[in-house]
Amino acid sequence: MLRRTPVTTSPFDRSSSPAGLAPSPRRRRSTLEISRGLVAKGIFTGIVAAATLAACNSHPLQAPNPQPEGQADKFYDVNPIRDLDIVFMIDNSGSMREEQDNLRENFPILIDTLRKIPGGLPNVHIGIISSDVGAGSSLISGNAACNRPGGDKGEFQVKSGCGLDESQGNFIISLNNDTQKNFTGNLEDVFSCMAALGTGGCGFEHQLQSVRVALAESLMPKNTTKNVGFLRKDAFLAVVLITDEDDCSGNPDSDLYVDGSFTGQAGSLRCNIAGHTCNGRAPMTSAFQTPLENCTAAPNGGGRLIPVEEIVSYLYSLKPINPERVIVSAITGQPNKRDGATYAFSEVAMNNQTVLDVEPICNSAGGAAAPALRIEQFVKSFGDNGTLDSICSDNFSPALKRIADLIAARLDPGCLSERLMDVDPNQAGVQAECTVVDRVPNTATGIGEDKVLPACSGNNTPCWRLQAPGANGNTCSGSQFRINVDRGGQEPAKGTIQSVKCRTCGRDNDPRCN
């Protein structure tokens, strides 16, 4: 705990991904391409079928002519799945009181945003876990908070008097637009009560390992059933981390937390030394500073922590057919302004002695936060399915709104986050140049056949329309446009994949991009 206060590739391409599942690194290309899996009669065919069809097709999906000035690749899963499992990992170490209050106060903005998805609030399971998984198997003299091997063991945390019927599970259940639920009162109040975890947890926070243990029944204690039934096979999975320190997840038999060689240092500084690299090597064990951009999470966990990519691969393994259904977010130690941000160790007064500690990466009225390089790597491993915000904010509302918007976009896809080019500025509104293509599988050969859909004009369907921000039927947030396909009430063929390519703005000073 910090005690001091003052353009992704298509997910069809997995050749370079951890365990063959994680999205590839971002890259810039020449067209905006949104590939969307469609369903027939409520049956989702899966990303594997999409990849097979794409590989078998002998020609690429058609693109607008002339070629666009800019592009970002995205994948949208258009399906009727409305099940959403959300895990909130809330740091319960000694410095988190104000941050927990901030979360509880602003949580309603997340639920309010989800309620506005067409069809209303998804069928949600919401579980709350702490960052406390103990400090290895050893007891730490003089540190009662860390003298519980296994800590909270990833179990969902419940509190009496919050309105939850624990006989139906140790997590919030709300189905069919809140008409079937395992709590009394409203969802927001129940969560706010349950999320007050207190500040008595171990200061060697295992944020990422806590998530893995919570979702892996094989890692849970054999005598507990607290988390059973939470994770649904076909549901979207969202993981939200709220913490003011970086992840220090180690294996249960790790001796890092009792290693006596870390002398003259704040207790958790060893987590930075083991888990980070600056300028290509472990941070110095004396006062120093360097630009934040020179530091990153240590490869392979620095040899003493669980590698971040191991946790990433585990989460993807929970959705092997639909990896795009994993969404992660973190409100954590991030600089409010990256330009000029520094990573530094300095001598500080603590408990009547001078020790070496990491300098906060940000400060606020509610406290300070350490640089979260491992958590940042974790979130960025999920590409466009991740959001990262600073915990040094007096109001978590904007961060929670971004998290909810991301979830909503995956549950109700079709939103175009890039700026579309207006190819005819003389007409009112944005005149976009797009190509919308259905790749329909041939049931006899299994090879996909491309069918270009025209823009809607008259009564001919199927066709596509561009819906402006705020237009009736456009459920996208902010200034986002939406491509809506009118199929005249007909279902697409089973296994159909849809591609949307639009001209996008590549230059800020382009007059067609106002």
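Here is a short report on the structure shown in this document. (Residues numbered from 1 in each chain as written. Predicted model: local features only at pLDDT ≥ 70, side-chain atom pairs only at ≥ 80, totals over all residues. Heavy atoms only, no water.)

1. Description of helix α2 (residues 97-115)
A rise of 1.5 Å per residue sets the reference length of α2, with its 19 residues, at 27 Å; its end C-alpha atoms lie 28 Å apart and thus fit the reference within 8%. At Asn106, α2 shows its maximal kink, close to 40°; a proline, Pro108, follows between one and four residues later. Those residues of α2 that fall on the buried side of the exposure criterion are Glu99, Gln100, Asn102, Leu103, Asn106, Phe107, Leu110, Ile111, Thr113 and Leu114. (Helix = DSSP H or I, 4+ residues; strand = E, 2+ residues; numbered from the N terminus. Expected span 1.5 Å × (residues − 1). Bend = angle between axes of the 7 residues up to and from the residue. Buried < 20%, exposed > 50% of the residue type's maximum accessible area, 1.4 Å probe, protein only.)

2. Here's the deal with the sheet that holds strand β14 (residues 342-350)
Across the sheet, which stays open at both edges, the 3 strands sit in the order β11-β14-β15 with antiparallel pairing between neighbours. Looking along the sheet, the strands with just one partner apiece sit at the ends: β11 (288-291) and β15 (353-358). Strand-to-strand twist across the sheet, computed as the mean angle between neighbouring axes with direction ignored, equals 25°. When β11 meets β14, the two strands line up antiparallel, connected through 4 bridges. Each bridged residue has a counterpart across the sheet, and for Thr290 the counterpart in β14 is Tyr343. (Pairing = 2+ DSSP bridges. Axes fitted to C-alpha atoms, helices over the stretch in contact; angles between N-to-C directions.)

3. Topic: the packing of α2 against helix α8 (residues 397-411)
Where α2 meets α8, the closest approach of the two axes is 8 Å, and the angle between their N-to-C directions is 30°. Judged by the angle between their axes, α2 and α8 are roughly parallel. Note that α2 runs across α8; the crossing there is right-handed. Where α2 abuts α8, its residues Leu103, Asn106, Phe107, Ile109, Leu110, Thr113 and Leu114 lie against Ser397, Leu400, Lys401, Ile403, Ala404, Asp405, Ile407 and Ala408. Among the residues making up the contact of α2 with α8, the classes are represented as 10 nonpolar, 3 polar and 2 charged. (Parallel < 35°, antiparallel > 145°, perpendicular 65-115°, else oblique. Left-handed = near helix turned anticlockwise from the far one by under 90°. Contact = heavy atoms within 4.5 Å. Nonpolar A, V, L, I, M, F, W, Y, C, P; charged D, E, K, R; others polar.)

4. Remarks on empty space enclosed by the protein
One way to see where empty space is left: roll a probe the size of a water molecule over the atoms. Taken as a whole, the second largest cavity encloses approximately 40 Å³ of empty space. Taken together, Glu205, Glu245, Asp246, Ser268, Cys271, Asn272, Ala370 and Pro371 form the lining of the second largest cavity. Residue classes in the lining of the second largest cavity are distributed as 3 nonpolar, 2 polar and 3 charged. (1 Å grid on protein atoms, 1.4 Å probe; cavity = no way out; pocket = protein on both sides within 12 Å on 5 of 7 lines; lining within 4 Å. Points joined across faces, edges and corners; volume = space filled by probe spheres on them.)

5. Considerations on the environment of Cys162
Tracing the backbone shows Cys162 in the loop between β6 (123-130) and β7 (172-175). For the pair Cys162 and Cys193, spaced 31 residues apart in sequence, the C-alpha to C-alpha distance is 5.5 Å. Residues contacting Cys162, with those up to four places away along its chain left out, are Val190, Cys193 and Met194.

6. Topic: the packing of aromatic side chains
Each pair of aromatic rings is reported with the distance of its centres and the angle of its planes. Counted by the stated rule, this structure contains 12 aromatic pairs. Look at Phe288 and Tyr343: their rings are 6.2 Å apart centre to centre, the planes differ by 40°, and that puts the pair in the tilted class. Highlighted residues: Phe288 in strand β11 and Tyr343 in strand β14, separated in sequence by 55 residues. A single burial state applies to Phe288 and to Tyr343, both of which are buried. Stacked on the ring of Phe236, the Lys or Arg Arg325 has its end atom at 5.6 Å from the ring centre. (Phe/Tyr/Trp six-rings, centres within 6.5 Å; stacked < 30°, edge-to-face > 60°. Lys NZ or Arg CZ within 6 Å of the ring centre and 35° of its normal.)

7. Here's the deal with the sheet that holds strand β23 (residues 481-486)
Spatially, 3 strands are ordered β19-β23-β22 in an open sheet, and the strand pairing comes out antiparallel. Single-partner strands in this sheet number two, and they are β19 (415-416) and β22 (463-467). Both β22 and β23 contribute to a ladder of 5 bridges, which runs antiparallel. Considered in β23, the bridge of Gln467 is made with Arg482.

8. Considering the pattern of salt bridges
Tallied over the full model, the rule gives 22 salt bridges. The partner of Arg402 in a salt bridge is Asp389, and the shortest N-O contact between them spans 2.4 Å. Here Arg402 is found in helix α8, whereas its partner Asp389 is found in strand β18 (residues 386-390), with 13 residues between them in sequence. Residue classification places Asp389 among the buried residues on the basis of a relative accessible area of 10%. In this structure, Arg487 engages Asp438 in a salt bridge whose closest nitrogen and oxygen atoms are separated by 2.8 Å. With Arg487 in the loop between β23 and β24 (497-502) and Asp438 in strand β20 (residues 434-441), this residue pair connects regions lying 49 residues apart in the sequence. (Salt bridge = Lys/Arg side-chain N within 4 Å of Asp/Glu carboxyl O.)

9. Considering the state of the cysteines
Tallying each qualifying case throughout the model produces 7 disulfides. A sulfur-sulfur distance of 2.0 Å marks the disulfide that ties Cys162 to Cys193. As the torsion about the S-S bond is roughly -70°, the Cys162-Cys193 disulfide counts as left-handed. Pair noted here: Cys162 is in the loop between β6 and β7 and Cys193 is in helix α3 (residues 187-194), with a separation of 31 residues, a long-range link. Residue Cys193 is classed as partly exposed on the basis of its relative accessible area, which comes to 22%. Across the disulfide, Cys362 is cross-linked to Cys392 (sulfur-sulfur distance 2.1 Å). Here the disulfide of Cys362 and Cys392 is right-handed, its torsion about the S-S bond being about 70°. Linking Cys362 in strand β16 (residues 362-364) with Cys392 in the loop between β18 and α8, this pair joins segments that are 30 residues apart in sequence. We classify Cys392 as buried; its relative accessible area is 7%. (Disulfide = S-S within 2.5 Å.)

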